[in-house]
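Descriptive structure summary
So the chains spell out like this:
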Amino acid sequence: MEAIEMEEPPLTPTSTAFDDDAAADICTSILTRFGNSTREDHQHLCAVIGGMAQGFKDQNLPPSPIAYFGAACSSLDRILSEPEPSGHMIDALLTILSMAVRKVSPAILVKKSDLVNGLLVRALLSSSLTVAGAVSGLKCIAHLLIVGSRVNHNNWSDISQLYGFLLSFATDSRPKVRRQSHLRLRDVLQSFQGTSLHSPASQGITDLFKRFILLAGGTKPAASEGPKGSLEVLYLLDAFKECLALMSTKNKNEILELFKPLLGLQNPVVTRRITDGLYRLCLESCPDVSPQILLDQLCLLSLSVSNNKTSVDDMTFTARLLNIGMAKVYSLNRQMCVIKLPTVFSALRDILGSEHEEAIHAAVNAFKSLIHACIDESLIKQGVDQIVKNGNMDERRSGPTVIEKVCAIIESLLGYHYTPVLDLAFQVVSAMFDKLGVYSSYFMRGTLKSLADMEKLPDEDFPFRKELHECLGMALVAMGPETFIGFLPLNLEAEDLSEVNVWLFPILKQYTIGARLSFFAESILGMVEVIRNKSRQLESQGRIFSSRSTDALIYSLWSLLPSFCNFPSDTAESFNDLKQALCNALRDEPEIRGIICLSLQILVQQNKKIAEEVNDPSDSKVGTAKQRAMANYTPQVMTDNLSVLKSSARDILTVLSGVFLNSAKDDGGCLQSTIGEFASISDKAVVSRLFLSNMHKLLRVTKEARAAASSSDSNSMQRALLFDLAVSFLPGLNADEVDVLFNAIKPALQDDEGLIQKKAYKVFSIILRDFDGFISSKLEDLLRLMVELLPSCHFSARRHRLDCLYLLIVHVSKSETEQRWHDIISSFLTEIILGLKEANKKTRNKAYDILVQIGHACGDEEKGGKKENLYQFFNMVAGGLAGETPVIISAAMRGLARLAYEFSDLVSSATNLLPSTFLLLQRKNREIIKANLGLLKVLVAKSQAEGLQLHLKSMVEALLKWQDDTKTHFKAKIKLLLEMLVKKCGLDAVKAVMPQEHMKLLTNIRKVCCQRFCARIRIARVFTTHCLSLYLLLSTD
């Protein structure tokens, strides 16, 4: 019969106290849980507890835990006195007793301990006892031991007999009883911690284990015990999973010593139980474990793996145990641990070479964890010192150090034996590179060469190209680009260009961080000159193709500059040496200007962010390297870097300004962005001088343009460039200089030329966006200016004008009163709505953004808005439906659709406009119809079915008037809307309002929906069949 499992917390010293809910009726809890059960033992339990409760009621006794405790003891004594006691009655009474004993005060239990102990021993020895009764009885014994230990801290004799009785069940043949005994031994040992009872209790388990080991070995301590012992040893090994960590130091280490000969048996059943116990021990905080003994166990397991004496099923667990076990030994005794690392790493290597995925992944995790935890700076430097001392590594006299042995094992993972798991081996190698850092050059040269050789393999034979490059990238991060290129040269001097290691360029670009700018200036730029001379020589020989290919190498070398500017280690010392080369390249080599500008921006931005303490979390795979590089950027280093960049700003800004004015176009605005970055850190006097010089040029060019009858294209382009250059200095300008710039663009905002007006509006928007305080100081003038400029706005400048409106409206929504905000919105609403019909996509998107921003300013209560304001704004937009032209009507519909899509609260208001939209559908204007269908699509998608039912008939009739239109585009839109209505309201509802002549369309929609549903079902079945086949295949393997 199965045991009756009650939900009870583990027995602890604190749980033995008289509980607050002690008065809770035990009868009620048992009947609630088991009253409806059909199991016979449950029914017996309910009958017995019901009889007790009725007896208490008849005698007017309260159903307290003490009452149940007394009744259970007396009934159990009477039942056990019978010649053939009922097993069901014993089970029920022991179950009730196990519940009551936890709620009775310790004083009563101690007083009645002799009686209760005797009853429990008699019950547990009864031949009628079932598993359920044994489980309940063991719970009672454990609780009594815990209570006894709290009362008699130093009197082992009072509890030794009962403890021995509990211990005897640790080798019981019944699994559930045995398991319960192990759990209760754990609770008892936990309660004995810190008392004099702990040592004899632990010794009792040790003595029992020794005795059964002797019996299993064939030696009998007493003739009466008979030939047994092997199973009992296994049972006690199971008990150690729960108890070993709680035993006394002496006995714990004694048990570990006894594990050694058992591991030597190479029996999988024994070994697995020992590894389970060791794993649980290593998880616990046990500083008293002997590191030498624990290390010996781990080494035995490692050797068993290396000798192929470990079963496949145990490989995974062994890898996990080696991981956590070696970390435990390292925390106890570092020196012992590191000496045995090669042995453990060899075992993990063998597991990695197995063909079982779970074991392989466990080995990889163990590799990476142990590399991180057990290989420390002292171990690395010991190996470095030994290598340096020996000098010539080919003639060294001393043997390899521990770290060299470990690195040799890691390198062996790249052998052909591990080809199927190379992607995982690369992870281990990367972890080793990361741990060794700059010292990788001493230990991982052979590994780096092996990785480089793999790059030569064809793609069809090598599917792990990406993982290889990531591993090489980690090697680059660890060694640094100088050492890395020293071991794996680019080979640029090769006569045959196919021999150049161009595959290194992407790796160098992605993973270089914290490098030296001086190395780039001396070595990389030196290579550039060599390649340039070679290109000229090839061109002079008429080898044009080879010359152009060589020029591509120059670009690739320059493309490394942004990576070398990524937290460089010597900015303050080396930037001035690099500055002249950069300025010359900016002037003379247009194709690499973008690279140089990006590099300069990185230098300035990184130092500024650190100075301003701006956190910029990165998802880069070399995040650890970035943290190391940033750690070197102390406040003093950052100050020195910015000082050097600041002193160089004048020359760089002069060059950038000249290049910008002479360039045909500024790709991506890189020149402007770079000018802005240097203007933000430069001396204000330098920026002011350059800015005023530019403004004088702008004034002169403008006067020339006005003097001429018509402005030439070259003159217009020059004015546009001067406007762009002027606003690039904005981060370094003061308020007066910004006013000068603003006054300069005012006339240009009304210029007849679209290019000039567009540039003026762009500059205006940048000033509004980037210069704090400008809007608030001139708000009224700016609003008046925007109104005055509207009639003369060129179509090409509308996007930037909307940018200006957007910034002004955002500011107004945060600072002005509600009435003032309403007036300002009304002034510009028509212009914003008409912007939704602009041909330029960016202009349309900006108009949509302004509408949404206004909606949020109205409705977001967190920003001071109200729902009433949002509805009011929606109605203002809806006023456009009464416009006189199709343009304003269709634009208003687009705006309403966007607002309804963005704000769910507006859907009901939009639904109220449906009658008006149905009337507009009757107009024969395609522009209005197209916008109308878009609005209806949003409303159908966002509305509830109940709201659509009210307008369903009118909507269907209005849509079907355009179904016969010759334009297929409208037909598709209307059919899609009808499909949405069918999904939303149901086929029957749509069919009820569908005119008879259009029933074929509804039938077609139904068929199409059924076909789509059937197609999804077929795809799902195919996918399920595929997954099942794959599962069966894997199961078979």
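Cut-offs used in this document
Residues numbered from 1 in each chain as written. Predicted model: local features only at pLDDT ≥ 70, side-chain atom pairs only at ≥ 80, totals over all residues. Heavy atoms only, no water. Helix = DSSP H or I, 4+ residues; strand = E, 2+ residues; numbered from the N terminus. Rg over C-alpha atoms; globule rule 2.2 N^0.38 Å. Buried < 20%, exposed > 50% of the residue type's maximum accessible area, 1.4 Å probe, protein only. Contact = heavy atoms within 4.5 Å. Areas by Shrake-Rupley, 256 points an atom, 1.4 Å probe, with all protein chains shown as cover. Lys, Arg positive; Asp, Glu negative; His and termini not counted. Charge placed at Lys NZ, Arg CZ, Asp CG, Glu CD. Salt bridge = Lys/Arg side-chain N within 4 Å of Asp/Glu carboxyl O. Polar contact = N/O pair within 3.5 Å; in protein donor to acceptor, adjacent residues only side chain to side chain. Phe/Tyr/Trp six-rings, centres within 6.5 Å; stacked < 30°, edge-to-face > 60°. Core = buried A, V, L, I, M, F, W, Y, C linked by side-chain atoms within 4.5 Å. Axes fitted to C-alpha atoms, helices over the stretch in contact; angles between N-to-C directions. Parallel < 35°, antiparallel > 145°, perpendicular 65-115°, else oblique. Left-handed = near helix turned anticlockwise from the far one by under 90°. Disulfide = S-S within 2.5 Å.

Moving on, we get to the overall build of the protein. Of regular secondary structure, the protein possesses 52 helices and zero strands. In summary, the protein has a C-alpha radius of gyration of 42 Å against a globular reference of 31 Å for 1037 residues, an excess of more than 25%. With the C-alpha coordinates of the protein rotated into their principal frame, the extents come out at 130 × 95 × 55 Å. Burial status across the protein gives 50% buried among its 1037 residues. Within the protein, contacts between residues at least 6 apart in sequence are counted, and of these 73% link residues at least 24 apart. Summed over its atoms, the accessible surface of the protein is roughly 49000 Å², and 52% of this surface lies on carbon and sulfur atoms. Between the averaged position of the 115 positive side-chain charges in the protein and that of its 114 negative side-chain charges there is a distance of 4 Å.

Turning next to the pattern of salt bridges. Here the structure, examined in full by the defined rule, presents 42 salt bridges. A salt bridge links Arg186 to Asp187, with the shortest nitrogen-to-oxygen separation between them at 3.3 Å. One salt bridge in this structure joins Asp459 and Arg465, with 2.6 Å as the shortest N-O distance. Through salt bridges that share partners, Arg179, Arg184, Arg186, Asp187, Glu242 and Arg280 make up one connected network.

Here we take up unusual backbone geometry. Peptide bonds are, in most cases, trans, and in most cases residues other than glycine have a negative phi. Located in the positive-phi region is Asn491, a residue other than glycine, with phi close to 60 degrees. Of note, Asn491 is situated in the loop between helix H25 (481-487) and helix H26 (504-511). Residue class for Asn491 comes out partly exposed when judged on its relative accessible area of 24%.

Further remarks concern the environment of Ser168. Checked against the element boundaries, Ser168 lands in helix H8 (residues 156-168). Through-space distance from the C-alpha of Ser168 to that of Leu208 is 8.9 Å; in sequence the pair is 40 residues apart. At 2.5 Å, the side chain of Ser168 and the backbone oxygen of Phe165 are in polar contact.

Let us now look at the packing of aromatic side chains. Under the defined criterion, the tally for this structure stands at 19 aromatic pairs. A centroid spacing of 6.3 Å and a plane angle of 40 degrees characterise the contact between Tyr163 and Phe192, whose relative ring orientation is tilted. Highlighted residues: Tyr163 in helix H8 and Phe192 in helix H9 (residues 175-192), separated in sequence by 29 residues. No difference in accessibility class separates Tyr163 from Phe192, as the two residues are buried. Put simply, the rings of Phe519, Phe520, Trp558 and Phe564 touch in pairs and so form one group of aromatic residues.

Further remarks concern the nonpolar core. Ile410, Trp558 and Phe764 are the most contacted members of the largest nonpolar core, which has 340 residues in total. With residues up to four places along the chain from it excluded, the contact list for Trp558 reads Phe520, Leu525, Val528, Arg532, Ala581, Leu582, Ala585, Glu589, Ile592, Ile595 and Ile596.

Take Thr702: it is sitting in helix H35 (residues 684-707). Within polar-contact distance, the side chain of Thr702 engages the backbone oxygen of Leu698 at 2.7 Å.

A few words now on the packing of helix H6 (residues 113-124) against helix H7 (residues 131-151). Two numbers describe how H6 lies on H7: the axes approach to 10 Å, and their chain directions differ by 155 degrees. Regarding the angle of H6 to H7, the classification is roughly antiparallel. Note on packing geometry: the crossing formed by H6 with H7 is left-handed. Of H7, the residues touching H6 (which contributes Val116, Asn117, Leu120 and Leu124) are Gly133, Ala134, Gly137, Leu138, Cys140, Ile141 and Leu144.

What follows concerns the state of the cysteines. Scanning the entire structure with this criterion turns up zero disulfides. Cys374 supplies the cysteine sulfur nearest to Cys337, a cysteine that is in no disulfide, at a spacing of 3.9 Å. Not part of a disulfide, Cys597 finds its nearest cysteine sulfur in Cys670, a span of 4.2 Å. Under the relative-accessibility criterion, Cys597 is labelled buried at 0%.

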